[in-house]
Amino acid sequence: MEQNELLLRTAFACMSCDGDIATEEVELIKQMASEKHLFGDIDIDKELDNLVNEINMKGKGFLKHYLISLGEESLTEEQELKIADVAVQTIRADNVIQYSEIKFFKVLRSNLKVVTDETLLEKIDGIDENYLAQDIRADYLQLYDDYFNTIEIPQFNLDNNISFKNY
């Protein structure tokens, strides 16, 4: 998967993994797109709409596919740091950090094979030990199953909840 697409899917997965799309998360993703050009030259509104449609069709399968795809990538330490940074910043964007988001990050983190916990703690603003607790991250399959057995992904309704074009 292309790096820009992987970063956008990371941000979207972390935005939706708690079953809610917060305005602040959408604003952050749009800021990452416009100011940092993190996702390349894409129409961010159109891509976010496409991702909402995809998660509405696949539900948890969308998040599972993202995690499987991430695990299959051969990434450099710099690429893994960028993925972890996008994930943490998206999770923190609405100032409400739910345990389901931390669990999702731990599953995501277990797919980052090169970067160390020490490097993550040193280089990523806002990350702390809670994101990296060894007792839970030690067993990927248990964490993976636990996350997907406890989270419900609703049908996101852009008409009532949020419109990406308004940000």
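Everything numeric here is computed off the predicted structure, so don't read it as measured data. Going along each chain's sequence as written, the residues are numbered from 1 onward. At least 70 in pLDDT is required for a residue's local features to be given in this predicted model, at least 80 for side-chain atom pairs to be given and counted, and no such filter applies to totals for whole chains, interfaces and linings, which use all residues. Only hydrogens and water are set aside when side-chain values are computed; all heavy atoms of the structure are taken into account.

Trainee: How should the pattern of salt bridges be read in this particular structure?
Mentor: As a working rule, side chains carrying opposite charge can pair if their charged atoms are close by. Each reported salt bridge corresponds to a side-chain nitrogen of Lys or Arg within 4 Å of a carboxyl oxygen of Asp or Glu. By the definition in use, this model includes seven salt bridges. For E54, the salt bridge identified is with R9, shortest N-O distance 2.9 Å. With E54 in helix 3 (residues 44-58) and R9 in helix 1 (residues 3-16), the pair connects residues that are 45 residues apart, well separated along the chain. Taken as a pair, E54 and R9 share a single burial class, namely buried. K60 is the salt-bridge partner of E152, the closest N and O atoms lying 3.9 Å from each other. You can see E152 sitting in the segment after helix 9 (140-150) and its partner K60 sitting in helix 4 (residues 60-72), a full 92 residues away along the chain. Per-residue accessibility, obtained with a 1.4 Å probe over protein chains only, is compared with the maximum for each type, and a residue is labelled buried under 20%, exposed over 50%, and partly exposed between these values. You can call E152 exposed: its relative accessible area is 57%. The exposure class of K60 is partly exposed, given its relative accessible area of 22%. Among the ionic contacts, a cluster of salt bridges with common partners joins E5, R9, E54 and K58. The helix count covers DSSP runs of H or I at least four residues long, the strand count covers runs of E at least two residues long, and both are numbered beginning at the N terminus.

Trainee: Would you explain the nonpolar core in this entry?
Mentor: Soluble globular proteins tend to pack their nonpolar side chains together in the buried interior. Core analysis: the largest hydrophobic core is formed by 55 residues, its most contacted members being F39, F104, F105 and L108. For this core, the elements supplying multiple residues, two or more each, are helix 1, helix 2 (23-34), helix 3, helix 4, helix 5 (77-92), helix 6 (99-110) and helix 9. The element contributing the most residues to this core is helix 1, with eight residues. When checking whether two residues touch, look at their non-hydrogen atoms; a contact exists if any pair is within 4.5 Å. Look past the residues within four positions of F39 in its chain and what remains in contact with it is N4, L7, L8, A11, I29, M32, A33 and I44. Note on terminology: a nonpolar core comprises buried Ala, Val, Leu, Ile, Met, Phe, Trp, Tyr and Cys residues joined through side-chain atoms within 4.5 Å.

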